[in-house]
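Close look at the chain arrangement
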Amino acid sequence: MSDTQQGGAVATSAPPSVDEGLTAAALAAKYGLSVSGARPGLFEYVRELWSRRHFILAFSSAKLTAQYSQAKLGQVWQVATPLLNALVYYLIFGLILGAGQGMSKDVYIPFLVTGIFVFTFTQSSVMAGVRAISGNLGLVRALHFPRASLPISFSLQQLQQLLFSMIVLVAVAVAFGSYPSLRWLLVIPALFLQFVFNVGLAMIMARMGSKTPDLAQLMPFVMRTWMYASGVMFSIPVMLADKPAWIADILMYNPAAVYMDLIRFALIEGYSAQNLPDHVWMTALAWALVFGIGGFVYFWKAEERYGRG
């Protein structure tokens, strides 16, 4: 330190700082600083998610309970909504348009109800995924946690809702002559693969929706088109029998149709393996792995950008 005196005043000059000339990166490294909210490595991210598993379960259960808290019938709407949809589709497509051609009434009604319930599982997961980040910005900005917890939690909420609805689905199957058998156990791996697929797709939509909120307005039209193209209300091979075979193949191998057909095959007595595309289990596994892993990595890559800007 040096002192100079001018007109009775003393001026003091500080010695140069030892950090002078260091870049921001060098300063951070010197003092052990890290970027707030920086994306962890992939495996570290998985470990963080596992440590938040109790939060994910509790959050999904709370959301499910609150979903119909203002309605007088409460949780009954979890079953009533898709069941009423199935009734409307049966009146329009089954009775008026004859979409159940090639199937008896005892097969077509469980076929239709199963399709509605199973497709709604994917549809609701996608729609919840679109808003997973953009609709929860307060939570994202206030707390530090793996953001993938949100789309996973919303998909888990839809799985819980489907499992609750399965009571009605089983009752419909039994009412129309499909009784419990060992084949019903195939529902477990089919639903698990669909859940993995749904989670991956929800993560993709969550990242896209975080920067494009208008996507939530577009997705209902996309999902409605997907529903009509997946054979929810009709048998794809029968309805497209007079069309080129490749059109039916594309529609039958789309993931929504694959998972619906697997569960139909498991539950419905008159729905034989001849209605399934070749290598259907391998196809279901491939869709789950591609979207489950790919969606997770795609979402993780933008982890540090969620809730900013």
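Just so it is clear, the structure is predicted and the values come from calculations on it, not from any experiment. (Residues numbered from 1 in each chain as written. Predicted model: local features only at pLDDT ≥ 70, side-chain atom pairs only at ≥ 80, totals over all residues. Heavy atoms only, no water.)

Next up on the list: the packing of aromatic side chains. For the structure shown, the criterion picks out 12 aromatic pairs. Consider the rings of Tyr45 and Phe296, whose centres lie 5.8 Å apart with planes at 45 degrees: the pair is tilted. Taken together, the residues span a long stretch of sequence, with Tyr45 in helix H2 (residues 42-51) and Phe296 in helix H13 (residues 280-300) at a distance of 251 residues. Geometrically, the ring pair formed by Phe59 and Phe154 is edge-to-face, given 5.9 Å between the ring centres and 70 degrees between the ring planes. With Phe59 in helix H3 (residues 53-67) and Phe154 in helix H7 (residues 149-175), this pair connects stretches of sequence that are 95 residues apart. Here Phe59 and Phe154 have matching classes, each one buried. Members of the aromatic cluster, joined through ring pairs, are Phe55, Phe59, Phe145 and Phe154. It is Arg183 that lies over the ring of Phe265; its NZ or CZ is 4.3 Å from the centre. The ring of Tyr298 has Arg207 sitting right over it, with the charged end atom 4.2 Å from the ring centre. (Phe/Tyr/Trp six-rings, centres within 6.5 Å; stacked < 30°, edge-to-face > 60°. Helix = DSSP H or I, 4+ residues; strand = E, 2+ residues; numbered from the N terminus. Buried < 20%, exposed > 50% of the residue type's maximum accessible area, 1.4 Å probe, protein only. Lys NZ or Arg CZ within 6 Å of the ring centre and 35° of its normal.)

Next up on the list: H7. Given a rise of 1.5 Å per residue, 27 residues ought to cover 39 Å, and the 39 Å separating the end C-alpha atoms of H7 matches this to within 8%. Helix geometry: H7 is bent most strongly at Ser165, by close to 35 degrees. Most of H7 sits out of view: 19 of its 27 residues are buried. Just past H7, the residue Gly177 takes up positive phi, approximately 95 degrees. (Expected span 1.5 Å × (residues − 1). Bend = angle between axes of the 7 residues up to and from the residue.)

Looking now at the pattern of salt bridges. Summed over the entire model, instances satisfying the criterion amount to three salt bridges. Taking the shortest distance from any N to any O, the salt bridge between Arg47 and Glu44 comes out at 2.9 Å. Taken together, the positions of Arg47 and Glu44, both in helix H2 and three residues apart, correspond to about one turn of that helix. With relative accessibility at 33%, the residue Glu44 sits in the partly exposed group. One salt bridge in this structure joins Asp242 and Lys243, with 3.4 Å as the shortest N-O distance. (Salt bridge = Lys/Arg side-chain N within 4 Å of Asp/Glu carboxyl O.)

This part is about the packing of H7 against helix H8 (residues 187-211). Two elements in contact, H7 and H8, have axes separated by 9 Å at closest approach and are oriented at 145 degrees. Both H7 and H8 take part in a crossing whose hand is right-handed. Contacts between H7 and H8 involve Pro151, Ile152, Ser155, Leu156, Leu159, Leu162, Leu163 and Met166 from the former and Val187, Leu191, Phe195, Asn198, Val199, Ala202, Met203 and Ala206 from the latter. Taken together, the residues of the contact of H7 with H8 break down into 14 nonpolar, two polar and no charged. (Axes fitted to C-alpha atoms, helices over the stretch in contact; angles between N-to-C directions. Left-handed = near helix turned anticlockwise from the far one by under 90°. Contact = heavy atoms within 4.5 Å. Nonpolar A, V, L, I, M, F, W, Y, C, P; charged D, E, K, R; others polar.)

Let us look at unusual backbone geometry. Across the chain, the bulk of peptide bonds are trans and the bulk of non-glycine residues have phi less than zero. For His279, which is not glycine, the phi torsion reads 55 degrees and is therefore positive. Structurally, His279 can be placed in the loop between helix H12 (255-267) and H13.

With that settled, consider a positive patch on the surface. On the surface, Arg39, Lys211, Lys301 and Arg305 cluster together to form a positively charged patch. Note that Lys211 resides in helix H8. The class of Lys211 is exposed, set by a relative accessible area of 53%. (Patch = residues over 30% accessible without salt bridge, like charges linked within 9 Å, V, L, I, M, F, W, Y side chains within 5 Å. Areas by Shrake-Rupley, 256 points an atom, 1.4 Å probe, with all protein chains shown as cover. Lys, Arg positive; Asp, Glu negative; His and termini not counted. Charge placed at Lys NZ, Arg CZ, Asp CG, Glu CD.)

Between its first and last C-alpha, helix H5 (residues 105-130) extends 37 Å over 26 residues, near the 38 Å set by a 1.5 Å rise per residue. Counting buried residues in H5 gives 21 out of 26 residues, a clear majority hidden from the surface.

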